[in-house]
Structures are given as structure tokens and as C-alpha cells.
Amino acid sequence: MTEIERYAAPTSLDEALGILQQGEVRILAGGTDLMPQSKAGRLALGPTLMNIRRVPELKGVALDGDAIRIGALTTITELLADPLVRQHLPVLAEACDHFASDQIRNAGTIGGNIGNASPAGDTLVPLIVLDAVVELASKPNGSVATRRMPLAEFFTGPGRTKRAANELLTAVRIPLPRAGHVARFYKFGTRPALDISAISIGIAGVVRDGALTDTRVAFGAVAPTPVRAPRTEAALEGKRLDAATIAAAANAARDEVAPIDDVRATAWYRKELIHNMTKRMLDHVAQA
Ligand SMILES: Cc1cc2nc3c(=O)[nH]c(=O)nc-3n(C[C@H](O)[C@H](O)[C@H](O)COP(=O)(O)OP(=O)(O)OC[C@H]3O[C@@H](n4cnc5c(N)ncnc54)[C@H](O)[C@@H]3O)c2cc1C
């Protein structure tokens, strides 16, 4: 395991990106994933450990044009209390309300939840159905370069993303939901919070003349990454949420996922949960 040879605590984005450019840097935000993983011997904190908590550009939630920009360092507690999140993105607040304990929520950040790239990360499924885009910054030639990518395309496997080694996740941007937008999140674990999801489901869309359009469905903990569910989306798109549509979508959801057996649930149980909870969530949307 590589020892820590250098500890850096930059106080600006420019400084942080300069350090990242030197290579072999482990980024530390709240540490709620990093520290347990390091203690368990699953990852090395060195040779350079960079604590980003003093970088002001990574903080805060703000309206930016037609999007809400959430700085990577925003904690789960801050998300829960934020007026923009509560007003425009209640499904994200709902997910945060089922996230760990107060202690973990106070330290854990949205950037860390994304950076950890767990298929069961609780902010990921709601962010995907909200069409979130990640913002990445680097300083390859002495000046800051940024790029954006849909969160749904960012994950490549458990703990793996398309972030380059010299890039910092600076923020996540979510388009302001339009009139008629609905979104729901459901997490199943053995306990309502304080537990890693056995499965999670996000459903969103715009209700127009009684039909669901711009449909987004995503699942957590049923694949190596959180995933969108195109066949379930197609079963719903443009349709009235009547009993037949809901039954067809729930069946499509069960057929579409290919989960594994693990300590939290068997594959069969996960598929049944996906079916039953997709149906229940759509019933709720139809009754709203
Ligand atoms: C007891 C306990 C309960 C938990 N319960 C839940 C739960 O209910 N739901 C859930 O989803 N998670 C849970 N977690 C996991 C963890 O708390 C979250 O994933 C949290 O959001 C991680 O944020 P952090 O700031 O602590 O990340 P860190 O541990 O600091 O970092 C996590 C990873 O992201 C990288 N990273 C962090 N910030 C950036 C950045 N800006 N740019 C690029 N890479 C970055 C780090 O290098 C590291 O690889 C739990 C953890 C514990 C210990």
C-alpha cells in the first residue's frame, strides 16, 4: 500500500488543479468513503493526499441560467436544507433524507458520492433521472479547462468513472424542472436509512394532458453502475398512466435488470422488488 508522502490542502481551484496535474493524487472530500476503504486496505491514500475542503469554488448551491449548480463539496446535510433543492429538486432532498446518519450526512459530499461511483450511491439515481450533468476541471497547459458530461454516461464500473486523473469534479448541474415535472425516488434496504440500498428506483417525467413524457427511469444496485432503463422508459413514454401501462412498465423493468446475488439480497428478490416498487411508484404518480 502506497504511503502518504505529501499532504496538500489547496485554498483555490487553480491551486488544486495544479497539484492534480503533478500526478498520483488521491482526492479527499468528506472522507466517509475514503477512510473506511483505506482502513480496510482496499485503496492507498498516497503518495499525495489532497484535501479539497478549503477550495471555495467547490461550495454552494446556486441558480446558473436555466440550471441549478451544486458545488461538489456540498454536504448531504446542506442539500437537505437548501431552499433551491427543496423547491425545485424535492426528489434529491428525498434521497438525502434516507441517507446514512447525521454524522455521515454532515461530512459526506455530493462530489464524494459521485466520485465513489458505487452502484448503490443514493444521490446517483435521482440525479440521473433529473438529467444531471457533471462538471470537470483540469489545468493541462497552465490554464483551466472544463468539460461537461451527462451523469448517466459518467460511470464505467464499481468505483470507476470517466474522470481523468488530472481532473477534479467541480459541480453537478441540473436543468430547472419544467411545469408539470414529477419525480420520485425509492430506496429499499433492510432499514429505511443507515443502510446501503438493496435496490433503488428513480422515475421522472413531465405530465402533459394526463400522459407521461420525457420519461426517465433509473435503477441503483442492480448492475455494476447505476443505470438508466430505456425499455421501461419506452413502455411509459407518451402514455396515460392507466393500469395496463403501469403493468407493462413494471414487467419491462423486471425484465430489463440483471442484478446479482449478494449479502443484501438475491438476484430474484431484487427483480421482484424492481417490479413491485416500480408499479407502486407509478400508481402514486398516477394518483397525484
Ligand atoms: C456509516 C456509513 C453510512 C453510509 N451510508 C450511505 C448511504 O446511506 N447512502 C450512500 O449513498 N452512501 C453512504 N455512505 C457512503 C458515503 O458516506 C457517501 O458516498 C458520501 O457521499 C461520500 O462523500 P465524501 O465527501 O465523504 O467522499 P470521500 O470519501 O472524501 O471520497 C469518495 C471518493 O470520491 C472521490 N472524490 C471526492 N470528491 C471528489 C471531487 N470533487 N472530484 C473528484 N473525486 C472526488 C475521492 O477521491 C474518493 O474516491 C455511507 C458511509 C458510511 C461510512
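For the structure, see preceding data.
Here the structure is a predicted model, which is why all the values come from computation and not from measurement. (Residues numbered from 1 in each chain as written. Predicted model: local features only at pLDDT ≥ 70, side-chain atom pairs only at ≥ 80, totals over all residues. Heavy atoms only, no water.)

**Observations concerning the sheet that holds strand S6 (residues 133-138)**
The strands making up a sheet are joined through hydrogen bonds of the backbone, oriented either antiparallel or parallel. For clarity, the threshold we go by: A pair of strands counts as paired when DSSP detects no fewer than two bridges linking them. Secondary structure counts use DSSP, requiring at least four H or I residues in a row for a helix and at least two E residues in a row for a strand, with both numbered from the N terminus. Convention adopted: a line fitted to C-alpha atoms gives each axis, helices being fitted over their contacting stretch, and angles between N-to-C directions are expressed from 0 to 180 degrees. Contacts are assigned to residue pairs with any non-hydrogen atoms lying within 4.5 Å of each other.
Spatially, the 5 strands line up as an open sheet ordered S4-S5-S10-S6-S7, and their pairing is antiparallel. Of all strands in the sheet, those with a lone pairing partner are strand S4 (61-64) and strand S7 (145-150), marking the two edges. On average, each strand axis in the sheet is tilted by 25° relative to the strand beside it, whichever way the strands run. The strands that helix H1 (residues 13-21) touches are S6 and strand S10 (168-175); relative to S10, the one it contacts most, it runs at about 125°.

**Examining the sheet that holds strand S3 (residues 48-51)**
Spatially, S1-S3-S2 is the arrangement adopted by the 3 strands of the open sheet, whose pairing is parallel. The open sheet is flanked by strand S1 (6-8) and strand S2 (25-28), the only strands paired with a single partner. When strand polarity is set aside, the average angle formed by the axes of neighbouring strands in this sheet is 20°. Contacting S1, S2 and S3, H1 crosses the sheet at an angle of about 165° to S3.

**Describing the layout of surface pockets**
As a reminder of what qualifies: Using protein atoms alone on a 1 Å grid, points that fit a 1.4 Å probe yet trap it form a cavity, whereas open point sets bounded by protein on both sides within 12 Å along at least five of seven lines form a pocket; residues with an atom within 4 Å of a point count as lining. Grid points are joined across faces, edges and corners, and a volume is the space filled by probe spheres set on the points. Residues were grouped as follows: Ala, Val, Leu, Ile, Met, Phe, Trp, Tyr, Cys and Pro as nonpolar; Asp, Glu, Lys and Arg as charged; and all remaining residues, including Gly, as polar.
Within this model, the second largest pocket holds a volume of roughly 190 Å³. Along the wall of the second largest pocket there are 13 residues; nearest its centre are Leu130, Asp131, Pro177, Arg178 and His181. Elements with a contribution of two residues or more to the lining of the second largest pocket: strand S12 (199-208) and strand S13 (211-220). Take the lining of the second largest pocket: its biggest share by element is 3 residues, from S12. Classifying every residue of the lining of the second largest pocket by side-chain character gives 7 nonpolar, 2 polar and 4 charged.

**What to know about the pattern of salt bridges**
Where we set the bar: Whenever a carboxyl oxygen of Asp or Glu lies within 4 Å of a side-chain nitrogen of Lys or Arg, that contact is scored as a salt bridge. Each residue is assigned to one of three classes by its accessible area relative to the maximum for its type, calculated with a 1.4 Å probe on protein chains only: buried under 20%, partly exposed between the two thresholds, exposed over 50%.
Taken as a whole and assessed by the stated rule, the structure comprises 11 salt bridges. Where Arg69 meets Glu135, a salt bridge forms, and the shortest distance between an N and an O atom there is 2.7 Å. Here Arg69 is found in strand S5 (residues 67-71), whereas its partner Glu135 is found in strand S6, with 66 residues between them in sequence. Each of the two residues, Arg69 as well as Glu135, counts as buried. Across the pair Arg270 and Asp262 runs a salt bridge, and its minimum N-O distance is 3.1 Å. Here Arg270 falls in the buried class, since its relative accessible area comes to 2%.

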